[in-house]
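What follows is the residue order along each chain.
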Protein chains: 2
Amino acid sequence: MNRTWSDLALGEVWTGAPITVSAEEIVGFGHAFDPQAQHTDPEAAASGRFGTLIASGWHVAALAMRAFIGAKPFGDTPVVGMGVDELRWHAPVRPGDTLTVSREVEMLRRSESKPDRGIVRWKVNVANQDEATVMTLLVTAQMPV
Amino acid sequence: MNRTWSDLALGEVWTGAPITVSAEEIVGFGHAFDPQAQHTDPEAAASGRFGTLIASGWHVAALAMRAFIGAKPFGDTPVVGMGVDELRWHAPVRPGDTLTVSREVEMLRRSESKPDRGIVRWKVNVANQDEATVMTLLVTAQMPV
C-alpha cells in the first residue's frame, strides 16, 4: 500500500532512525563532490579551523534525504523535488556523529497546472547526538495525489 | 598562490568545464542517498513519469559543487558553506546529459563577528547541452579574507 500526497496532513512530523557518519564516508563524499582538505585530509583538517574532518554540507543534505527516502515512508510513490529554501548549515558534522532527521509537513497544496499532483513542503531538521541542530531546510516536492 | 575572499569581485562569473553524467553515476548516487526507482531502476524509470532514469536533485547539487571546487579556483583556501536559498530544480538530468555550471558573485560582505572572514554569495546556474537551465540556487559561504 503506497501512501500518496492525499495521505499527508499539515503539521505531521516524521522522525528517522539515528544514523552515524564515519570518517570514511566523509572522505568518500569529499573526494567525489567537495574535494577540500577539511573533508578529505584528516591531518590537514586536524590543524585547520575545525580541528577534525567535517562532512561536506552537501553530504549532510544528502544524508538527510537518504534517512527519509530510505525509510520508504510512501512505499513506491515517487517524491520529486522542486526546490529548497532557507537551507542553513548551523554546526559541523564530525566523524562518529550520530544524526537524527525530522521532517514536518509545513504546506500542502494541489498543483494548479497538474491536478493529479500535489505539492508538499517539509521543514527538515538534522540534529546531532548532543541535540545540537546541524542543518535546517525547507524542501518542496511533488507527489501523485 | 591561494586566492581568498579579498580577491573576489561583485559580478565576477566563473564557468566550469562541461561534465557528462552517466547512468552508472545516477544509479550509484541514488542507491547511496535517494533510493527511488526514478534514480536506481532503469526499467521502472522507463515506464515512469520521466521515461528514463533521472539524477537525484541532490546529485545535481553535489555535481555543481564538484565542478567548482574540483577546479580549485581558490587553491587551498577553504570555502565553508553557510546556507542555500532559492534552489530550484527546473528540468530533469538524464544519463548522458552534459552539464555546465556557472557561478556569479552576487554579494560580498565582511563577517561582523569574525573580521578575518568574508562572506560571499554566488548565484549558481547549471545548464544542459541544449542550454536548458536544469538547476539554479544561491549559495552563501565563508572564506578567509
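Keep in mind the model is a prediction, meaning the values are calculated, not measured.

Help me understand the overall build of chain A, please; the structure alone is not making it clear to me.
Scanning chain A from terminus to terminus reveals four helices and six strands. Element order for chain A, N to C, with α for helix and β for strand: β-β-α-α-α-α-β-β-β-β. Judged by the C-alpha coordinates and their principal axes, chain A covers about 55 × 30 × 25 Å. A buried classification covers 35% of the 145 residues belonging to chain A. Considering only intrachain contacts with a sequence separation of at least 6, the fraction spanning at least 24 residues in chain A is 68%.

How should I be thinking about unusual backbone geometry in this particular structure?
Trans is the common state for peptide bonds, and a negative phi is the common state for residues other than glycine. Residue and element names in this part refer to chain B. Of note in this structure, lysine 72 is not a glycine but carries a positive phi near 50 degrees. We classify lysine 72 as partly exposed; it has 13 C-beta atoms within 10 Å. The phi angle at glutamate 131 is positive, at roughly 65 degrees, despite the residue not being glycine. Of the residues examined, glutamate 131 has 7 C-beta atoms within 10 Å and is grouped as exposed.

What am I meant to see in the pairing of strand E6 (residues 133-144) of chain B here?
Regular strands place side chains that alternate from one sheet face to the opposite one. Residue and element names in this part refer to chain B. Pairing geometry for strand E3 (residues 80-89) and E6, over seven bridges, is antiparallel. What sits directly across from tryptophan 89, in E6, is methionine 135. The sheet contact formed by strand E5 (residues 117-127) and E6 spans eleven bridges and is antiparallel. In the strand pairing of E6, alanine 127 is matched with threonine 133. A loop of five residues connects E5 with E6, the two strands running antiparallel in sequence, and glutamate 131 in this loop sits at a positive phi of about 65 degrees.

Before we go on, may I ask you to explain the interface of chain A and chain B in this structure?
Tallying the contact residues gives 28 residues for chain A and 29 residues for chain B. At the level of elements, helix H2 (37-40), helix H4 (57-70) and strand E3 (80-89) of chain A are the ones that each hand at least two residues to the side of chain A that touches chain B. With nine residues, the top contributor of residues to the side of chain A that touches chain B is E3 of chain A. For the side of chain A that touches chain B, a count of residues per class yields 14 nonpolar, seven polar and seven charged. When E3 of chain A meets E3 of chain B, the two strands line up antiparallel, connected through four bridges. Bridge assignment links leucine 87 of chain A to a residue of E3 of chain B, and that residue is valine 84 of chain B.

How do you make sense of the pairing of E5 of chain B when you look at a structure like this?
Residue and element names in this part refer to chain B. Bridge analysis of strand E4 (residues 98-110) against E5 gives ten bridges, and the strand direction is antiparallel. Within E5, the position partnered with threonine 100 by the bridge is alanine 127. Between E4 and E5, which pair antiparallel in sequence order, lie six residues.

Where do I start with the relation of the copies chain A and chain B in this structure?
In this arrangement, two copies of a chain are superimposed by a rotation about an axis accompanied by a shift along the axis. Of the transformation placing chain A onto chain B, the axial shift is 0.0 Å and the rotation is 180 degrees, giving an RMSD of 0.0 Å. One copy is carried onto the other by what is essentially a two-fold rotation axis. Across chain A, the rotation axis passes nearest the C-alpha of aspartate 85 of chain A, at a separation of 2.4 Å. The residues that chain A uses at the interface reappear at the interface of chain B in 100% of cases, marking a shared surface.

Help me understand helix H1 (residues 23-33) of chain B in this model?
Quick reminder: α-helices carry 3.6 residues per turn. Residues three or four places apart thus point the same way. Residues of H1 of chain B that are buried: Ile26, Phe29, Gly30, Ala32 and Phe33 of chain B. Where the residues of H1 of chain B are buried, they touch H4 of chain A together with helix H2 (37-40) and helix H4 (57-70) of chain B.

Conventions and cut-offs
Residues numbered from 1 in each chain as written. Chains lettered and ligands numbered in written order. Predicted model: local features only at pLDDT ≥ 70, side-chain atom pairs only at ≥ 80, totals over all residues. Helix = DSSP H or I, 4+ residues; strand = E, 2+ residues; numbered from the N terminus. Buried ≥ 20, exposed ≤ 12 C-beta atoms within 10 Å, placed from the backbone. Contact = placed C-beta atoms within 7 Å. Pairing = 2+ DSSP bridges. Nonpolar A, V, L, I, M, F, W, Y, C, P; charged D, E, K, R; others polar. Least-squares fit on C-alpha atoms with pLDDT ≥ 70 in both.

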